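Listed here are the chains, written in short residue letters.
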Amino acid sequence: MYLTVAAAARAFQRPLLIYLKGGFLSTKFNTGEFEFMEPLHNVSIRWAEHGYPSDLARWHHHDEVEIHLIRQGFGQMMVGDRLLPYTPGQVSMIGRNVPHNWISDIDAGERLDRRDVFCQFRDEQIESLSIQFPETLPFRRLMNRSNRVIVLQGESRRRVAHILEVMGEHSETDRFVDLMSILSTFVQAPDDEWNMVLDGNYAPSTRFDATGRINAVISYVNEHLSDDITVQDVAKVVVMHPNAFSRFFHATSGMRFSDLVTRLRISKACRLLVSTGLSIAQIRKEVGYSNAANFNRSFLKEVGSTPSEYRRQHRD
């Protein structure tokens, strides 16, 4: 079950800029680029961090289970067949071969130097551990739940975020202890401090054919949010006929291309309304709306309030 908007805001304890009406958005994305991980020598846990933009920040999947922390920025998390907003401090567990990506709402030339930190491990290692140590059997069941992607809130989220941060300073042995603590926190999290993102019937796809095109589309849209984005322009980017591109995008994502553009534009508008002193007219143009009526209509549909009401509510 997804959190309500208010519950999500309390859980993250940060200003809520991009949650839209009805809670998390539900949009489908089915394939991701396979990410080959260089085998680790004499260790079983990979820890890494990176900024955004980054070659690592793309629509992809891999054989490892991943525990992921977003340190900076607001935007949209693409995972499995869903698109949902995220805020700083988001902690998630993503099962093996579940495609994922985080799209940050940033200005041209802006960079988030410390956006991501994560650790990865193989679920079969946890299965083997549970055979030798029956006390860890709940971890094995957790691996099955991770295929639906778990997002933490509250104290459980804060605990895992802290462990992920300090894990980078630890030795390989201590990182194993850290991982056990992380898994234990996921297992013991109260019912109101975790939720699963994907439906129980979701089956990860490992097809590669759509990956490059989807990533190219996302990059193009992010770079041209203030412009007049047309299907014809994007179709040229991915070298497809406009009609073929529309069918491809809908079949791959489960939504119309225009819906993706609208939601990313309104997401950015929410951030600018709260974090800047720009007028609503300036923000409207910044996110690609030349017509005030169209902007107000789209904003009301996605957020549930007018731009001026949204600014007043969040600044209060």
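The model shown is predicted, which means the values in this text are computed figures rather than measured ones. (Residues numbered from 1 in each chain as written. Predicted model: local features only at pLDDT ≥ 70, side-chain atom pairs only at ≥ 80, totals over all residues. Heavy atoms only, no water.)

Engineer: Which parts of the structure should I look at to understand the nonpolar core?
Structural biologist: Side chains of nonpolar character tend, in soluble globular proteins, to be buried together. Counting residues in each nonpolar core, the largest one holds 29 residues, and the members touching the most others are Ile67, Met93, Leu183 and Phe186. For this core, the secondary structure elements donating two or more residues are strand E4 (65-70), strand E7 (91-94), strand E9 (112-121), helix H2 (123-132), helix H3 (137-146), strand E10 (150-152), helix H4 (154-167) and helix H5 (172-188). If we skip the residues at most four places from it in the chain, phenylalanine 186 touches Ile67, Val91, Ser92, Met93, Leu142, Arg145, Ile150, Leu152 and Val160. Core analysis: the second largest hydrophobic core is formed by 27 residues, Leu83, Leu112, Ala235 and Phe257 among them. (Core = buried A, V, L, I, M, F, W, Y, C linked by side-chain atoms within 4.5 Å. Buried < 20%, exposed > 50% of the residue type's maximum accessible area, 1.4 Å probe, protein only. Helix = DSSP H or I, 4+ residues; strand = E, 2+ residues; numbered from the N terminus. Contact = heavy atoms within 4.5 Å.)

Engineer: When you look at H5 in this model, what are you seeing that I'm missing?
Structural biologist: Between its first and last C-alpha atoms H5 spans 24 Å; for 17 residues at 1.5 Å apiece the expected length is 24 Å, and the two agree. The complete set of buried residues in H5 reads Arg175, Asp178, Leu179, Met180, Ile182, Leu183, Thr185 and Phe186. (Expected span 1.5 Å × (residues − 1).)

Engineer: Even after reading the chapter, I still don't get the sheet that holds E9, so can you show me in this structure?
Structural biologist: To summarise the sheet geometry, strands pair through backbone hydrogen bonds and adopt either a parallel or an antiparallel arrangement. Taken in spatial order, the six strands make up an open sheet running E2-E9-E4-E7-E10-E11, and their pairing is antiparallel. Looking along the sheet, the strands with just one partner apiece sit at the ends: strand E2 (46-52) and strand E11 (194-196). When strand polarity is set aside, the average angle formed by the axes of neighbouring strands in this sheet is 20 degrees. Here six bridges tie E2 to E9, and the two strands are oriented antiparallel to one another. Across the sheet, the residue bridging to arginine 46 is glutamine 120, located in E9. Helix-sheet contacts for H3 involve E4, E7, E9, E10 and E11, and the interaxial angle to E7 is about 90 degrees. (Pairing = 2+ DSSP bridges. Axes fitted to C-alpha atoms, helices over the stretch in contact; angles between N-to-C directions.)

Engineer: What is the right way to look at the confidence of the model for the protein in this model?
Structural biologist: Close inspection of predicted coordinates is inappropriate for parts of the model with low pLDDT. Confidence in the prediction for the protein averages 83 pLDDT; 83% of positions are at 70 or higher. The low-confidence segment residues 1-32 (pLDDT under 50) makes 110 contacts with residues lying over four places distant or belonging to another chain. (pLDDT = per-residue confidence, 0-100.)

Engineer: When you look at the pairing of E9 in this model, what are you seeing that I'm missing?
Structural biologist: The side chains of a regular strand alternate between the sheet's two faces. Here E9 lies mainly inside the structure; eight of its ten residues are buried. In this structure, E4 lies alongside E9, joined through six bridges in antiparallel fashion. Bridged to histidine 68 within E9 is phenylalanine 118.

Engineer: Can you help me understand unusual backbone geometry in this one?
Structural biologist: As a rule of thumb, non-glycine residues mostly have phi less than zero, and peptide bonds are mostly trans rather than cis. Residue proline 53 is reached from tyrosine 52 by a cis peptide bond, and omega for that bond is 0 degrees. One can find proline 53 in the loop between E2 and strand E3 (60-61). Backbone geometry at valine 149 places phi at a positive 65 degrees, although glycine is not the residue there. In this fold, valine 149 is placed in the loop between H3 and E10. The exposure class of valine 149 is buried, given its relative accessible area of 0%.

Engineer: Mind showing me how you'd approach the layout of surface pockets here?
Structural biologist: Over the atoms, a rolling probe the size of a water molecule traces out where space has been left empty. Looking at the largest pocket, its volume works out to about 650 Å³. Those elements that place two or more of their residues in the lining of the largest pocket are strand E5 (75-79), strand E8 (100-104), helix H6 (211-223) and helix H9 (257-275). Looking at which element gives the most residues to the lining of the largest pocket, the answer is H6, with five residues. Along the lines of polarity and charge, the residues of the lining of the largest pocket split into eleven nonpolar, twelve polar and eight charged. (1 Å grid on protein atoms, 1.4 Å probe; cavity = no way out; pocket = protein on both sides within 12 Å on 5 of 7 lines; lining within 4 Å. Points joined across faces, edges and corners; volume = space filled by probe spheres on them. Nonpolar A, V, L, I, M, F, W, Y, C, P; charged D, E, K, R; others polar.)

Engineer: Would you mind showing me how to read the pattern of salt bridges here?
Structural biologist: Oppositely charged side chains may form a pair once their charged atoms are brought near each other. Scanning the model with the defined rule gives 16 salt bridges in all. In this structure, the salt-bridge partner of glutamate 165 is arginine 114, at a minimum N-O distance of 3.9 Å. In this pair, glutamate 165 sits in helix H4 while arginine 114 sits in strand E9, placing the two residues 51 residues apart along the sequence. Residue aspartate 116 pairs with arginine 115 through a salt bridge whose shortest N-O separation is 2.5 Å. Judged by its relative accessible area of 1%, arginine 115 is buried. Connected via shared salt-bridge partners are Asp63, Glu64, Arg96, Arg122, Asp123 and Glu124. (Salt bridge = Lys/Arg side-chain N within 4 Å of Asp/Glu carboxyl O.)

Engineer: Looking at this model, I keep getting lost on the pairing of E5. Mind explaining?
Structural biologist: Across the five residues of E5, five count as buried, placing the element largely inside the fold. Where E5 lies against strand E6 (residues 82-86), five bridges are found, and the strand directions are antiparallel. Across the sheet, residue methionine 77 finds its bridge partner in E6, namely leucine 84. Where E5 folds back on E6, the antiparallel hairpin that results is connected by two residues, among which glycine 80 adopts a positive phi of roughly 55 degrees. As judged from the five bridges shared by E5 and E8, these two strands associate in the antiparallel manner. Paired with glutamine 76 across the bridge in E8 is isoleucine 103.

Engineer: How should the packing of aromatic side chains be read in this particular structure?
Structural biologist: Geometry of an aromatic ring pair is reported as the spacing of the ring centres plus the angle between the planes. All told, the structure shown has seven aromatic pairs when counted by the stated rule. For the ring pair phenylalanine 245 and phenylalanine 248, a centre distance of 6.4 Å and an interplane angle of 45 degrees mean the geometry is tilted. Placement of the pair is phenylalanine 245 and phenylalanine 248 together in helix H8 (residues 242-253), with a separation of three residues, close to one helical turn. Its relative accessible area of 0% is what places phenylalanine 245 among the buried residues. On the accessibility criterion, phenylalanine 248 (12% relative accessible area) is buried. An aromatic cluster of three or more residues is present, and its members are Phe245, Phe248, Phe249 and Phe257. Directly above the aromatic system of tryptophan 194 lies the positively charged group of arginine 145, at a separation of 4.3 Å from the ring centroid. (Phe/Tyr/Trp six-rings, centres within 6.5 Å; stacked < 30°, edge-to-face > 60°. Lys NZ or Arg CZ within 6 Å of the ring centre and 35° of its normal.)

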